[in-house]
Amino acid sequence: MDAQITIIGAGVVGLAIAERASEEFKDVFLIEKNPTFGQETSSRNSEVIHAGIYYPKGSLKSKLCLEGKNLLYDYCRKYDVPFKNCGKLIVATSPDEIPILDGIKKTAINNGVDDLVILNKSQIADLEPSVYALQAIYSPSTGIVDSHSLMKRFETNLINNGCQIVYGSEVTGINRISDGYEITLLDSDKNIYKFTSRVVINSAGLTSDLVSEMAGLSDGTLKIMFCKGEYFRLNPPRNKLINRLIYPVPVHNLEGIGIHITIEMSGGVKLGPDVTYLESNIYDYKVTPSKQEAFFKSVRKFLPFLEFDDLSPEMAGIRPKIQKPGEPVRDFYIKEESERGKPGFVNLIGIESPGLTSSLSIANYVRNLIRI
Ligand SMILES: Cc1cc2nc3c(=O)[nH]c(=O)nc-3n(C[C@H](O)[C@H](O)[C@H](O)COP(=O)(O)OP(=O)(O)OC[C@H]3O[C@@H](n4cnc5c(N)ncnc54)[C@H](O)[C@@H]3O)c2cc1C
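For every chain, the first residue of its written sequence is number 1, and the numbers climb from 1 along that sequence. Since the coordinates come from a predicted model, pLDDT governs what is reported: local features require at least 70, and pairs of side-chain atoms require 80 or more to be given and counted, while whole-chain, interface and lining totals use all residues. Note that the side-chain values use all heavy atoms of the structure and ignore hydrogens as well as water.

### Thoughts on the site of the ligand
Argument step 1. Here a residue counts as near a molecule or strand whenever at least one of its heavy atoms sits within 4 Å of it. In the neighbourhood of the ligand, 40 residues make up the surrounding shell, with Glu32, Ser42, Thr207, Ile351 and Thr357 lying closest.
Argument step 2. Any N or O atom pair separated by 3.5 Å or less is treated as a polar contact, with the protein-specific requirement of one donor-capable and one acceptor-capable atom, and with residues adjacent in sequence counted only for side-chain atom pairs. Residue Glu352 places a main-chain N or O atom 3.1 Å away from an oxygen atom belonging to the ligand.
Argument step 3. In this structure, an oxygen atom belonging to the ligand sits 3.2 Å away from a main-chain N or O atom of Leu356.
Argument step 4. For every accessible area listed, the method is Shrake-Rupley and the probe measures 1.4 Å; residues are considered covered only by the protein chains on display. Protein chains shield 98% of the accessible area of the ligand, which is 1,000 Å² for the free molecule.

### Thoughts on the sheet that holds strand β3 (residues 48-49)
Argument step 1. Spatially, three strands are ordered β3-β8-β4 in an open sheet, and the strand pairing comes out antiparallel. Here the strands that pair on one side only, and so sit at the sheet edges, are β3 and β4 (83-84).
Argument step 2. At least two bridges found by DSSP between two strands is the condition for calling them paired. Helix and strand assignments come from DSSP, with helices taken as H or I runs of at least 4 residues and strands as E runs of at least 2, each series counted from the N terminus. Inspection of the sheet shows β4 paired to strand β8 (residues 143-145) by two bridges, in the antiparallel sense. Directly across from Phe83, in β8, lies its bridge partner Val145.

### Concerning the packing of helix α1 (residues 12-24) against helix α5 (residues 147-160)
Argument step 1. The convention used is that axes are lines fitted to C-alpha atoms, helices contributing only their stretch in contact, and that angles between N-to-C directions extend from 0 to 180 degrees. One can describe the packing of α1 onto α5 by two numbers: an axis separation of 9 Å at closest approach and a directional angle of 30 degrees. Comparing the axis directions of α1 and α5 gives the class roughly parallel. Remark: the crossing between α1 and α5 carries left-handed chirality. For the pair formed by α1 and α5, the contact residues are Val12, Leu15, Ala16, Ala18, Glu19 and Ser22 on the first element and Leu150, Met151, Phe154, Glu155, Asn157 and Leu158 on the second.
Argument step 2. Three classes are used: nonpolar for Ala, Val, Leu, Ile, Met, Phe, Trp, Tyr, Cys and Pro, charged for Asp, Glu, Lys and Arg, and polar for all others, with Gly counted as polar. Here the contact of α1 with α5 is composed, by residue class, of eight nonpolar, two polar and two charged. Working rule for angles: under 35 degrees goes down as roughly parallel, over 145 as roughly antiparallel, 65 to 115 as roughly perpendicular, anything else as oblique. Throughout, a crossing is termed right-handed when the near helix is turned clockwise from the far one, and left-handed when it is turned anticlockwise from it by less than a right angle. Here, residues are in contact when the closest pair of their heavy atoms is within 4.5 Å.

### Quick notes on the nonpolar core
Argument step 1. Side-chain atoms within 4.5 Å are what join buried Ala, Val, Leu, Ile, Met, Phe, Trp, Tyr and Cys residues into a set we call a nonpolar core. Under the scheme applied here, a residue whose accessible area is under 20% of the maximum for its type counts as buried, over 50% as exposed, and between as partly exposed, the area being computed with a 1.4 Å probe on protein chains only. Ile53, Ile90, Ile242, Ile261 and Leu303 are the most contacted members of the largest nonpolar core, which has 44 residues in total.
Argument step 2. Residue assignment for this core shows that the elements contributing at least two residues are β5 (88-92), α3 (98-110), β7 (135-139), β13 (225-234), β14 (245-248), β15 (260-263), β16 (269-272) and α7 (292-300).
Argument step 3. The dominant element in this core, judged by the number of residues it contributes, is β5, at four residues.
Argument step 4. Beyond its immediate chain neighbours, meaning those up to four positions away, Ile261 contacts Ile242, Leu245, Ile246, Val269, Lys270, Leu271, Val299, Phe302 and Leu303.
Argument step 5. Counting 41 residues, the second largest nonpolar core, distinct from the first, contains Ala16, Ile49, Tyr73 and Ile370.

Structural data, given as structure tokens:
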């Protein structure tokens, strides 16, 4: 075998897996079709370290978010990755939303998040004088991270561990051979290469369903639908009025957790993301200027100082959803596929939020699925 372990995809999750695997194994390869790491979903998100408040109890999302949050804070401290444990407020702006806050707190406690505090109007004003809310939940363990620096650190560490990264090469074929897999690569000059690997880890994000199909694992229930999230920027100097993350009470079904306010390490402030399933799986990162009105209206409820011209179009990201619009939220799909006749092939499909928060715990989880 040329490789013991091959990881497909150098987003934040593939990088974390490659770092973890290369601590223990020799001949680990990381293959990425783009010229460098993190050019897709991993650089087009809110960069929030989620507390793990909303996910269904017992789900991988819940377990891996909780574990991942603590691992990520420790990792950032250890390697000087910029982060801020800024906390977040979930704000009720009308009396009918107040009971929902109680429900969120109960769900969170059930999920092992026991540090949420209910704040009244004057306590909210102490923390965020420019925010309007009747009542709020404060989550002290929520934070933000500089995701580019995090991925750069993963890359440095995995190279130091001896992992080989191959950028600019797309995996186009995966065939089962006696004790592993033959992988076909197409590089940017259209050259084709083949190599063999005992274990293959599919961490291909938005096209992970297609990579799984290349290995002969077709499954209609694991088809990815591109679901776009757009952001608007809160222009200076009004960004200075916000100190932490501010979320409305969540909308039905958690398709998204509502247009919220995210702060950045640089001091910038974004609104978003919204939730729009695309008609086809195309990489559409355009921001729709006409959405400014809807963003303005939904956020003005809790940012009364806001004026329409305080906003400007920012950027968009795409979620790899495996549930159709309106369907209940699905869990991360992370499985070693022996049961489906592909031993040593590990699939990660539908790694939407909280995938960044969970990157290190996903890496440990995947490590435990590998048998060499
Ligand atoms: C709008 C939005 C907001 C979000 N906010 C947050 C947040 O605040 N906190 C949080 O925890 N999570 C958040 N997430 C989720 C988080 O961004 C993702 O879970 C995470 O980035 C997924 O990382 P990944 O490595 O699985 O995928 P990706 O970053 O998509 O990486 C996959 C990589 O695989 C490569 N690839 C694909 N096919 C092939 C192939 N055939 N050959 C070679 N390479 C291939 C791609 O080029 C890509 O680089 C958000 C997501 C979105 C869209």
